[in-house]
Amino acid sequence: MRKPRKPKLAVWKFASCDGCQLSLLDCEDELLAVAGAVDIAVFPEASRAVIKGPYDLSLVEGSITTPHDADRIHQVRRTSKRLITIGACATAGGIQSLRNFKDVKEFTAIVYATPSYISTLDRSTPIAAHVFVDFELRGCPVNKRQLLEVISAFLHHRKPNTPTHSVCVECKLRGNVCVMVAAGTPCLGPVTQAGCGAICPAYDRACYACFGPQETANTESLAHWWSRLGVKPREMVRAFRSFNAYAEPFRQESEAQERGSGR
Amino acid sequence: MSERTRTIKVDYLARVEGEGALYVRVKGDRVADVKLKIFEPPRFFEALLRGRGFAEAPDITARICGICPVAYQMSAVHALEDALGVRVDGPLRALRRLLYCGEWIESHTLHIYMLHAPDFLGYPDALQMARDHRAAVQRGLQLKKVGNEIVTLLGGREIHPINVRVGGFYRVPTRTELAPLTERLEWARDAALQTVRWVSAFEFPAFESDYEFVALRHADEYPFNEGRLVSNKGLDISARTYDAHFVESHVKHSNALHSSIRDRGAYCVGPLARYALNFDRLSPLAQEAARSAGLGPVCRNPFQSIIVRAIEVLWACDEALRLLATYEPPPRPHVDVTPRPATGYACTEAPRGVLYHRYRIDAEGTIVDAKIVPPTSQNQKMIEDDLARFIPPRLALPQEQLTLQCEQAIRNYDPCISCATHFLTLTVDRT
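Residues numbered from 1 in each chain as written. Chains lettered and ligands numbered in written order. Predicted model: local features only at pLDDT ≥ 70, side-chain atom pairs only at ≥ 80, totals over all residues.

Re the interface of chain A and chain B
What counts is decided by this rule: Residues are defined as contacting one another if the C-beta atoms placed from their backbone atoms lie within 7 Å. Here a helix means four or more residues in a row that DSSP labels H or I, a strand means two or more in a row labelled E, and each is numbered from the N terminus. Note on residue categories: nonpolar means Ala, Val, Leu, Ile, Met, Phe, Trp, Tyr, Cys or Pro, charged means Asp, Glu, Lys or Arg, and polar means any other residue, Gly included.
Contact residues are listed per partner, giving 49 residues for chain A and 53 residues for chain B. Within the residue set of the side of chain A that touches chain B, elements represented by two or more residues are α1 (19–25), α2 (31–37), α3 (67–78), α5 (104–111) and α9 (199–202) of chain A. No other element matches α1(A), which puts five residues into the side of chain A that touches chain B. Of the residues belonging to the side of chain A that touches chain B, the class tally is 28 nonpolar, ten polar and eleven charged.

Here's the deal with the packing of helix α10 (residues 284–292) of chain B against helix α11 (residues 305–326) of chain B
Residue and element names in this part refer to chain B. The condition that has to hold: All axes are obtained by fitting lines to C-alpha atoms, using only the stretch in contact for helices, and the reported angles, taken between N-to-C directions, cover 0 to 180 degrees. If an angle is under 35 degrees, it is roughly parallel; if it is over 145, roughly antiparallel; if it lies from 65 to 115, roughly perpendicular; otherwise it is oblique. Handedness of each helix crossing follows the sense of rotation of the near helix against the far helix: counterclockwise by less than a right angle gives left-handed, clockwise gives right-handed.
Remark: α10 packs on α11, axes separated minimally by 9 Å, with the N-to-C direction vectors making an angle of 160 degrees. Put simply, α10 runs roughly antiparallel to α11. The interaxial crossing formed by α10 with α11 has right-handed handedness. Contacts between α10 and α11 involve L285, A286, A289 and A290 on the former and, on the latter, I311, L314, W315 and D318. Among the residues forming the contact of α10 with α11, the class breakdown is seven nonpolar, no polar and one charged.

Notes on the pairing of strand β12 (residues 353–361) of chain B
Side-chain direction in a regular strand flips from residue to residue, so the side chains alternate between the two faces of the sheet. Residue and element names in this part refer to chain B. Quick note on the threshold: Whether a residue is buried, exposed or partly exposed is read from the other C-beta atoms within 10 Å of its own C-beta, which are placed from the backbone; 20 or more gives buried, 12 or fewer gives exposed, and intermediate counts give partly exposed. Pairing between strands is defined by DSSP: at least two bridges between the two strands are required.
For β12, the tally of buried residues reaches eight of nine residues, placing the bulk of the element in the interior. Where strand β11 (residues 342–350) meets β12, nine bridges bridge the pair, whose relative direction is antiparallel. Pairing of C347 across the sheet is with Y356, part of β12. In this antiparallel pair of consecutive strands, β11 and β12, the connection spans two residues. Relative to strand β13 (residues 367–373), β12 runs antiparallel, the two being bridged by six bridges. Following the sheet pairing, R358 is matched in β13 by K371. Between β12 and β13, which pair antiparallel one after the other, the connecting turn spans five residues, and G365 there sits at a positive phi close to 90 degrees.

Things to note about the sheet that holds β12(B)
Residue and element names in this part refer to chain B. Read across the open sheet, the three strands follow the order β11-β12-β13; overall the sheet is antiparallel. The two strands at the open ends of the sheet, each matched to only one other strand, are β11 and β13. Across the sheet, the mean angle separating the axes of adjacent strands is 15 degrees when strand polarity is ignored. Helix α12 (residues 375–390) contacts β11, β12 and β13 of the sheet and is inclined by roughly 130 degrees relative to β12.

Points about the pairing of strand β1 (residues 8–13) of chain A
All names here are of chain A. In terms of burial, β1 is largely enclosed, as six of its six residues are buried. Alternating positions in β1 separate into two faces, K8, A10 and W12 on one and L9, V11 and K13 on the other, with burial throughout. One ladder, built from three bridges, connects β1 with strand β2 (residues 39–42); its direction is parallel. By the bridge assignment for β2, K8 is matched with D39.

Right under this line is the structure:
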């Protein structure tokens, strides 16, 4: 009898820092086991070898920022049975989406001597703005335990176990003292999706929302509490406008703060 | 009669960080054109830093590169501390060195075992190499893991650590928290020594160049965060005068800004440069390992950079153990900083070489202007120069083998295209 075919895994990169796909190589204890369970068909950061599609599972890192990439993501979707986006760039447009709030021509002129050579879109957008996405894994970078969980879940046709509650819950689980209540430090934890393990508060630092907004994030209420701690609207714009700046709840709140209207 | 024209093309370079391609055109027996093409999309970091608070710079610039975020954080905090007139000394300084040791171990080991060694042993990747060399690949993964453990303990996580701030850290570890690292590093030091032996037995193409090496040099340490920027051809400057000595020119054919030394041209940063300019600052164990591996105090064969990386991993284990043995927690996790209008400069030694940051801030600490020059942009011209000299004597090789050797010559520099790209001009040509 023939052995069952191993599922084919592909890793694709768009505008990004490579950190999320590196998370896979950072699974030092599990990597060889993963490589035994799947055929790594496309993973240029790790291998010269390329196996032809279609692919059972595609992991997509990075955001769409060029006309060419806006086409390429459709090709990736066509050859992928399941497509999972990994990280803040792919799920929210990443730090490079700060251009979305400015004139991109101005940005190009600051960085490049000859801006006319630059081919770029006005906006950095998440993958889901272009193609259907089966699952979005948050984080800047993603948590490698969650990454293994999601790969394993999709290979076994089950739903990934990735909580959607806020970082506050993880703080309680980790036994952290609340930095906002105890030290009066403005923290984004109450509106940020869990997944990191509440690292920042464990290091005496406020959460800066690198996992993006949780479901039904009440940013307006949090902004109110922040203003009572003396945070100025300009600082709030910066806080909501970072690695997940273009995620809808954060975008709306930063724009509300920019208008100075609250909401 | 027209000369025979031959092209060597790699449409998507593998086992490098980021998206690049190679195009070489050979006419007769000479190389008519070498293009290390970059099609990684630009992300405009210098532009998006404008208007942000100075305290945000280490977290934002870390996102330039997932492989060497600590390097970006170190260059950012040192440049900003230069602007703010603050010096971070004692245990905080030692912890920053320890953090950098972790990143060097992690990044170098990734490159040695997973990106570069497969070229020497004839595999498309480390996972297939593991079928025949499982013990070696396991050793590499575990060694890399020790580097990541240091970064995770000090930084909170291995990629984009959260604990670095201008003035020091948010929280510093106790001696008890650091204690488990000692045993791990003692194992890692042995593994690094085995790594030096393993890679020094590889076969290396006979290829040397009279490089201008550029690296930091410190009064008594192998360099991380401080020192003069020196070269073997007379450069000796502080980071504050970097812009007066280095120029970035817009080279249209490669669609990239190339960094060069004013009036002299291409230069080389990274392990070969650091090693050549600081051999006397290596620990006795690392020097001895280098001699046993057959290296003199200067190595001009870029293919042997894999040995030099292994020696730097060994040294980083040694240095981390030294730092751990003498660590006493500081009374406060950071020194206070007060914004003032100023410009600050810093070079630090990223795993791939000199990483320059410059920031101008206003009275409130808002960033008005930022400039970042990553190591890969500095090495890019050198990589093309290497290829132009490497290829002609090897034209008799079959196409597939020559292409592979060209890729290997690029991987000698562990190029990080993601890093380089925020300033590279973009054309997409993926036909």
